[in-house]
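# Structural features, examined
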Amino acid sequence: SNKNYYEILGISRNASQKEVKKAYYQMAKKYHPDVNKNDPNAEKKFADATEAYDVLGDEEKRQQYDSFGSSAFQGGGGGPGGPSAGGFRTTGFQYQGSVDPEELFRKIFGDFRSQFGQNEPDFAESDFGYKASEEVTIQLTFKQAARGIEKDVKVNVVGSCPKCQGSRCMPGTKAIRCQYCNGTGVETISTGPFVMRQTCRYCAGSRMVLPHPCDECLGKGQTVQRKVVTVQVPAGISDGQTLRMSVGGKEMFILVKVKPNAYFRRQGDDVHTDATISVAQAVLGGSTRVQGLYEDITVQIPAGSSSHTMITLPSKGMKRPSSYGQGDHIVHLKIRAPTDLTEKQKALFQALAEIETDTPGTISGFAHTKDGENRKCD
């Protein structure tokens, strides 16, 4: 038979996604099999609530469901084939989901036993989530990681309810002494000749009851809230490292992800970069400017430098977060051969080729003689 998902969750057709999620959460809490082991109908109600949320909690599925039902949206009672309770008919829509109720609940709210029962949290969920943040990830550029930075991040914290200010009661009301245990927090149960004392079932040992619990925090006095905290990222931090800080009295971990850089390459505390030089600079020596982590640096090129020669710039690399000092900046020289030679440049290179004595092979346009010289071919 067709189901009215709005009726199952006890919400109106124009309910917001927040209201849909909250209604499902309350239904799941009420009918979850773990707390209704003696109720044979609880499992079906839990499954129906999950099915309803699977559709109404998804904008696309909800739109499809609404469009099939809206053509018969009329007032009046619902007989077979007519509008269902509340005047909404679902004829024409067939649920195609195969979601496992327990799996969907766990995906949205986490493990049931950590949410309800004896381990039920002493705070209410909100639009921001269902618990305080335990780990957040921050993204840094290579230079931010090298230099250190103060990074603002949004995290979930548990704090006093903004509506009731932690009183757990609706504004203008207050808690009263539990009449069942007379404010002792303990009730006495007589079973024949035996007398047992146990925690009061009505006030849960708190000695007070809430006639009008706050609807924002559900009478818990605390809610999950969004807060901006500033993370002090030390200079020299590596990709994948974790920072630890206290937020709202609880420990939180910050996982640091450093974006790769096309210019800088990191190896431990050292950084490596490439510098392109000309043939004349390689042969005669000279200098070139390179980009450093903290400033541009002038690098002196020794005469007779080969390609891949490494020049070390001491203490110009990464700072060591856990100790003193810095790594090195290592510059790899890359010799760029000229491609568009003028006639004069070409003649000079040919003259050099003729007197070169250590050619490892041959030179195009020249013949290598037995006496080790290169002679230009006619």
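Quick look at the environment of Gly172 now. If you trace the backbone, Gly172 turns up in the loop between strand 2 (149-160) and strand 3 (176-177). Residue classification places Gly172 among the exposed positions, given a relative accessible area of 87%. For the pair formed by Gly172 and His212, sequence separation is 40 residues and the distance between their alpha carbons is 9.6 Å.

The next point concerns the side chain of Asn156. For Asn156, the position within the fold is in strand 2. The class of Asn156 is buried, set by a relative accessible area of 10%.

Here we come to helix 3 (residues 42-56). Helix length check: helix 3, at 15 residues, gives a terminal C-alpha distance of 21 Å against a target of 21 Å (1.5 Å per residue), a fit within 8%. With 11 of its 15 residues buried, helix 3 lies for the most part within the structure.

A word on the packing of aromatic side chains. All chains considered together, the criterion is met by five aromatic pairs. Members of the aromatic cluster, connected to one another through ring pairs, are Tyr5, Tyr6 and Tyr65.

Our focus in this paragraph is the sheet that holds strand 15 (residues 329-336). Judged by pairing direction, the sheet is mixed, and its four strands sit side by side in the order 10-11-15-14 without closing on themselves. The open sheet has two edge strands, strand 10 (265-267) and strand 14 (310-313), and neither has a second partner. Strand-to-strand twist in this sheet, taken as the mean axis angle between neighbours without regard to direction, amounts to 35°. Bridge count for strand 10 against strand 11 (residues 270-278) is three bridges, and the pairing is antiparallel. Paired with Arg265 across the bridge in strand 11 is His272.

A separate point is unusual backbone geometry. A positive phi angle, near 75°, is found at Arg168, a position not held by glycine. Looking at where Arg168 falls in the secondary structure, it is placed in the loop between strand 2 and strand 3. Phi angles above zero are rare outside glycine, and Arg207 is one such case at about 75°.

A few words now on the sheet that holds strand 9 (residues 250-258). Spatially, the three strands line up as an open sheet ordered 1-9-8, and their pairing is mixed. Because the sheet does not close on itself, it has two edges, and the strands there are strand 1 (135-140) and strand 8 (242-247). If you compare each strand with its neighbour and ignore which way they point, the axes differ by 30° on average.

In the contact formed by helix 2 (residues 17-31) and helix 3, the axes pass within 9 Å of each other and the chain directions differ by 165°. In terms of their interaxial angle, helix 2 and helix 3 are classed as roughly antiparallel. The element helix 2 and its partner helix 3 pack so that their crossing is left-handed. Across the interface between the two elements, Gln17, Val20, Lys21, Tyr24, Met27, Ala28 and Tyr31 from helix 2 touch Ala42, Glu43, Lys45, Phe46, Ala49, Thr50, Tyr53 and Leu56 from helix 3. Residues belonging to the contact of helix 2 with helix 3 are distributed by class as follows: 10 nonpolar, two polar and three charged.

Before going further, it helps to examine the environment of Ser307. Here Ser307 lies in the loop between strand 13 (296-301) and strand 14. Judged by its relative accessible area of 33%, Ser307 is partly exposed. Expressed as a C-alpha distance, the spacing of Ser307 and His332, which sit 25 residues apart in the sequence, is 8.0 Å. When neighbours within four sequence positions are excluded, Ser307 is seen to be in contact with Leu333, Lys334 and Ile335.

For the rest of this paragraph, the subject is the confidence of the model for the chain. Summing up the model confidence of the chain, the mean pLDDT is 79 and the portion of residues at 70 or higher is 80%. At the level of individual helices and strands, the chain shows its lowest average pLDDT in helix 6 (residues 112-115), which scores 39, and its highest in strand 14, which scores 96. Confidence drops under pLDDT 50 across residues 109-120; counting only partners more than four residues distant or on other chains, this segment forms 27 contacts. Residue range residues 123-130 is modelled with pLDDT below 50. Its contacts to residues more than four positions away, or to other chains, number 33 contacts.

Attention shifts here to the pattern of salt bridges. Overall, the coordinates contain nine salt bridges when judged by the stated rule. The shortest N-O distance in the salt bridge between Arg13 and Asp66 comes to 3.9 Å. With Arg13 in the loop between helix 1 (5-9) and helix 2 and Asp66 in helix 4 (residues 59-70), this pair connects stretches of sequence that are 53 residues apart. Note on Arg13: relative accessible area 30%, which makes it partly exposed. Taking the relative accessible area as the measure of exposure, Asp66 reaches 16% and is therefore buried. Linking Glu251 and Arg244 is a salt bridge whose minimum nitrogen-to-oxygen distance equals 3.4 Å.

What follows concerns the pairing of strand 12 (residues 286-291). Two strands pair when backbone bridges link them, and strand 12 and strand 13 are joined in this way by six bridges, in the antiparallel orientation. Bridge pairing links Gly286 to Ile301 in strand 13.

Each value, and the rule that gives it
- Residues numbered from 1 in each chain as written.
- Predicted model: local features only at pLDDT ≥ 70, side-chain atom pairs only at ≥ 80, totals over all residues.
- Heavy atoms only, no water.
- Helix = DSSP H or I, 4+ residues; strand = E, 2+ residues; numbered from the N terminus.
- Buried < 20%, exposed > 50% of the residue type's maximum accessible area, 1.4 Å probe, protein only.
- Expected span 1.5 Å × (residues − 1).
- Phe/Tyr/Trp six-rings, centres within 6.5 Å; stacked < 30°, edge-to-face > 60°.
- Pairing = 2+ DSSP bridges.
- Axes fitted to C-alpha atoms, helices over the stretch in contact; angles between N-to-C directions.
- Parallel < 35°, antiparallel > 145°, perpendicular 65-115°, else oblique.
- Left-handed = near helix turned anticlockwise from the far one by under 90°.
- Contact = heavy atoms within 4.5 Å.
- Nonpolar A, V, L, I, M, F, W, Y, C, P; charged D, E, K, R; others polar.
- pLDDT = per-residue confidence, 0-100.
- Salt bridge = Lys/Arg side-chain N within 4 Å of Asp/Glu carboxyl O.

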